[in-house]
Amino acid sequence: MSQLFMKGNEAIAESAVRAGCEFFAGYPITPQNEIPEYLSWRLDEVGGVFVQGESEVAAVNMIYGASCAGKRVMTSTSGPGLSLKAEGISYLAASRLPAVIVDVARTGAGLGQIKPGQNDYWFVKSPGHGGFKTIVLAPHTVQEAVDLTYMAFDLADRDLAPVIVLADGVIGAMMEAVTLPPFKDTYPDKTSWILNGAENRESRIISSVTNDLNKLESFHVYQKELYESWGRKDVMVESFMASDAEYIIAAYGTSARIAKTAIRILREKGIKIGLIRPITIVPFPYEAFEDLPYNNVKGILVTELCIPSQMIDDIQLGVLKRIPVHTFGRGGGFIFSPEDIIDELNKVFSLED
Amino acid sequence: MKNIYKKSSIISENAFCPGCLHGVASKLIAEVLEELQIHQKAICVLPVGCGTLNMESLKLDRVVAAHGRAPAVATGLKRSLPDNIVFTYQGDGDLASIGLAEIIHAANRGENITVIFVNNSIYGMTGGQLAPTTLVQQQSTTSKFGRNTSTMGYPIKMAEIITQLESPTLVARQSLDSPRNIIAAKKIIRRAFENQMNHKGFSFVELLSNCPTNWKMKPIDSLDWMRSNVIPYFELGILKDVEGGK
Ligand SMILES: Cc1ncc(C[n+]2csc(CCOP(=O)(O)OP(=O)(O)O)c2C)c(N)n1
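Calculation criteria
Residues numbered from 1 in each chain as written. Chains lettered and ligands numbered in written order. Predicted model: local features only at pLDDT ≥ 70, side-chain atom pairs only at ≥ 80, totals over all residues. Heavy atoms only, no water. Helix = DSSP H or I, 4+ residues; strand = E, 2+ residues; numbered from the N terminus. Rg over C-alpha atoms; globule rule 2.2 N^0.38 Å. Buried < 20%, exposed > 50% of the residue type's maximum accessible area, 1.4 Å probe, protein only. Contact = heavy atoms within 4.5 Å. Areas by Shrake-Rupley, 256 points an atom, 1.4 Å probe, with all protein chains shown as cover. Pairing = 2+ DSSP bridges. Near = heavy atom within 4 Å. Polar contact = N/O pair within 3.5 Å; in protein donor to acceptor, adjacent residues only side chain to side chain. Buried area = accessible area lost by both parts, 1.4 Å probe. Salt bridge = Lys/Arg side-chain N within 4 Å of Asp/Glu carboxyl O. Nonpolar A, V, L, I, M, F, W, Y, C, P; charged D, E, K, R; others polar. Axes fitted to C-alpha atoms, helices over the stretch in contact; angles between N-to-C directions. Parallel < 35°, antiparallel > 145°, perpendicular 65-115°, else oblique. Left-handed = near helix turned anticlockwise from the far one by under 90°.

Q: Help me understand the overall build of chain B in this model?
A: A count of helical and extended segments in chain B gives ten helices and seven strands. A globule of 246 residues ought to have a C-alpha radius of gyration of about 18 Å, and chain B, at 17 Å, matches this closely. Viewed in the frame of its principal axes, chain B has a C-alpha envelope of about 50 × 50 × 35 Å. Counting only residues that meet the buried cut, chain B has 59% of its 246 residues in that class. Excluding contacts between residues fewer than 6 apart, the proportion of contacts in chain B whose partners are at least 24 apart in sequence is 67%. On chain B, roughly 9,800 Å² of surface is accessible, and the fraction owed to carbon and sulfur atoms is 56%.

Right under this line is the structure:
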């Protein structure tokens with residue numbers, strides 16, 4: 001298969017097309033604009049539909065409607081837009097509608113800054129009211145962004161649920177060589193539940209509201225079981241030079257990529273250090289941290305492009321205070337270098353002494 | 001015996017309060033869809049409000065949208081299924097307050113959908129709070145002393161606002177207070193669906209309604225109140241009709 005040199009956002013968009021995305025609605029926001037820009041002409045080319053919504057609120061509800069019709073649907077946004085989409089994502093989850101939501105994260109609450117950040121970690125784990133979860137896939141290269149976006153559509157259709165691809169401004173803007181997946185030609189059959197007119201069948205309803213409280217509670221039980229099943233079968237994690245490591249860096253997305261370089265430099269110097277990189281934020285790879293050889297590992301550094309650290313909550317749940325855990329991050333849209341990580345490791349663990 | 005009236009087969013029980021005209025609006029829609037033989041192609045996008053109660057009674061494919069978002073959901077549906085008949089059924093809080101952006105932009109894009117807007121001048125479902133359409137001086141649970149224009153503004157005339165846009169092809173307002181107006185309402189609802197069948201674009205029908213429960217009136221008195229207060233403010237008629245040259 002041939003390789004192409006593509007920008008992260010465009011690669012995500014093309015991957016969605018190849019996964020069979022037939023409907024996209026979005027609203028401009030940096031740093032994800034290349035996704036709607038690309039799809040505005042590309043979906044036309046393949047017979048799909050692109051709509052620029054009047055807001056993120058409208059956009060997510062448009063994909064809600066198209067998902068009711070059985071289409072593979074996607075929307076993309078960044079932090080402030082994700083806040084507005086939270087309503088619709090909650091309705092998608094409660095109405096059991098598949099959809100893919102891409103968050104190309106930026107930094108800070110409020111308007112923050114358009115510079116890259118990993119500030120939406122807490123938010124994407126349950127992006128809306130009412131107590132639900134979404135599978136969250138977090139790529140650290142453009143190739144992985146392509147592969148995870150492609151996969152997200154299948155997961156959404158499998159569970160009839162929204163799935164989030166959590167990239168960040170670095171992944172979105174970076175250009176890398178990618179191998180694109182083939183065009184999908186078979187999709188799950190949705191004819192048993194979609195809305196397309198009650199012709200020669202009973203009428204149907206898609207709704208997040210019901211007056212039957214027993215039915216509602218059974219749905220809540222179903223959700224619990226679904227989330228537990230994710231933990232058993234959908235966890236994805238990369239262990240990089242970690243098997244004999246005395247020091248572990250925990251990082252996802254762009255910060256994991258930077259950490260890999262730091263680890264290579266330190267390994268050259270004979271320091272036993274490795275990376276544990278969650279690829280799925282939900283379900284979180286707790287076991288990768290629970291199963292660490294605690295007599296061998298002296299410390300963990302969580303590196304993230306945000307302050308305060310957000311992933312530390314999950315790391316602590318896995319580690320349960322058995323090893324010291326430190327955090328290192330940059331906020332304000334600043335990006336740390338591998339050397340910054342090494343300096344921090346030296347500071348907290350006196351590595352190179 | 002001659003059968004002069006037959007209940008529409010696509011509507012079951014009336015789910016609304018006694019004397020509420022939501023039931024009439026729903027019945028008219030059911031009759032029109034069946035008469036036009038499009039009920040098997042129809043998809044109804046329901047609001048959050050009393051209109052949600054149609055989810056139990058309308059025997060059509062239907063979806064309950066988030067509060068105010070029905071026009072966006074309908075956009076997604078219609079763009080995906082251009083050969084189906086997609087319509088929204090929305091109250092005034094839903095359409096003229098929280099969903100103002102969604103209705104204006106669906107109208108402005110000229111989505112080929114039909115919007116049925118049931119304006120009862122109050123938030124019915126939540127127990128009678130001030131709506132964007134509540135009349136001047138009209139009391140509600142959040143305007144105990146009546147709508148005060150200096151702090152609450154004036155009732156919004158949605159049909160007039162939609163008429164200002166280029167794309168919509170049929171905009172009308174009718175009332176459900178009397179047999180005569182109900183017949184006129186049915187006629188315009190029919191035209192709004194025919195418009196969609198003929199791919200003519202966005203149609204908007206505002207139906208003036210009542211809320212005996214939250215207006216705290218007997219149903220019969222609520223009709224009188226409509227005639228003396230609501231209809232004079234919200235003028236009836238066809239505001240825009242591109243087919244008809246208006
Ligand atoms: C986001 C959100 N805000 C508020 C509500 C509560 N709520 C339910 S129905 C309703 C108002 C309905 O009034 P209207 O649209 O006028 O319809 P009616 O019930 O009068 O027919 C409100 C505010 C909600 N469900 N969702």
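Following the structure, the description resumes.
Q: Even after reading the chapter, I still don't get the side chain of Ser209 of chain B, so can you show me in this structure?
A: Mapped onto the elements of the fold, Ser209 of chain B is located in the loop between strand E6 (203-208) and helix H9 (212-215). Ignoring anything within four residues of it in the chain, the contact list for Ser209 of chain B reads Leu21, His22, Val118, Asn119, Asn120, Trp215 and Met226 of chain B.

Q: How should the pairing of strand E4 (residues 114-119) of chain B be read in this particular structure?
A: The two faces of a sheet get side chains in turn, since along a regular strand they alternate between them. Residue and element names in this part refer to chain B. Counting buried residues in E4 gives six out of six residues, a clear majority hidden from the surface. Every second residue of E4 is oriented toward a common face, with Thr114, Ile116 and Val118 on one face and Val115, Phe117 and Asn119 on the other, all of them buried. For strand E3 (residues 85-91) and E4, the ladder comprises five bridges, and the chain directions are parallel. The partner of Gly91 across the bridge, within E4, is Val118. Pairing analysis gives six bridges linking E4 to E6, with the strands arranged parallel. Looking at the pairing, Thr114 lines up with Ser203 of E6.

Q: Can you help me understand the site of the ligand in this one?
A: Residue and element names in this part refer to chain B. Near the ligand you find 16 residues, and of these His22, Cys50, Gly93, Asp94 and Gly124 are the closest. A distance of 3.0 Å is found between an oxygen atom of the ligand and a side-chain nitrogen or oxygen belonging to Asn120. The separation between an oxygen atom of the ligand and a polar main-chain atom of Met125 is 2.9 Å. Considering the ligand on its own, with 580 Å² of exposed area, one finds that the protein chains cover 76% of that surface. Broken down by element, the residue count for the shell around the ligand peaks at four residues, all from helix H4 (residues 92-98).

Q: Just checking my understanding: could you explain the interface of chain A and chain B for this structure?
A: Interfaces are often sized by the amount of accessible area the parts lose when they come together. Of the residues lining the interface, 35 residues belong to chain A; the matching set on chain B comes to 31 residues. Of the roughly 2,500 Å² buried where chain A meets chain B, counting both sides, 59% is carbon and sulfur surface. When residues of chain A are sorted by the area they lose upon contact with chain B, Glu54, Leu195 and Ile205 of chain A head the list and together hold 20% of the total. Run the count over chain A and chain B and you get three salt bridges. At the junction of chain A and chain B, the tally comes to 14 residue pairs in polar contact (both at pLDDT 80 or more). The set of elements that each furnish at least two residues to the side of chain A that touches chain B consists of strand E3 (49-52), helix H3 (56-68), helix H4 (79-95) and strand E10 (205-206) of chain A. A total of eight residues in the side of chain A that touches chain B trace back to one element, the largest contributor, which is H3 of chain A. Classifying every residue of the side of chain A that touches chain B gives 18 nonpolar, ten polar and seven charged.

Q: I'm lost on the packing of helix H1 (residues 8-18) of chain A against helix H6 (residues 142-159) of chain A in this one. Help?
A: Residues and elements named next belong to chain A. Direction vectors running N to C along H1 and H6 enclose 30°, while the axes themselves pass 8 Å from each other. As judged from the angle between their axes, H1 and H6 are roughly parallel. Of the two elements, H1 crosses H6, and the hand of that crossing is right-handed. Of the residues in H6, those in contact with Gly8, Ala11, Ile12, Ser15, Ala16 and Arg18 of H1 are Val142, Ala145, Val146, Thr149, Tyr150 and Phe153. Tallied by class, residues from the contact of H1 with H6 come to eight nonpolar, three polar and one charged.

None of this, on its own, says anything about what the molecule does.
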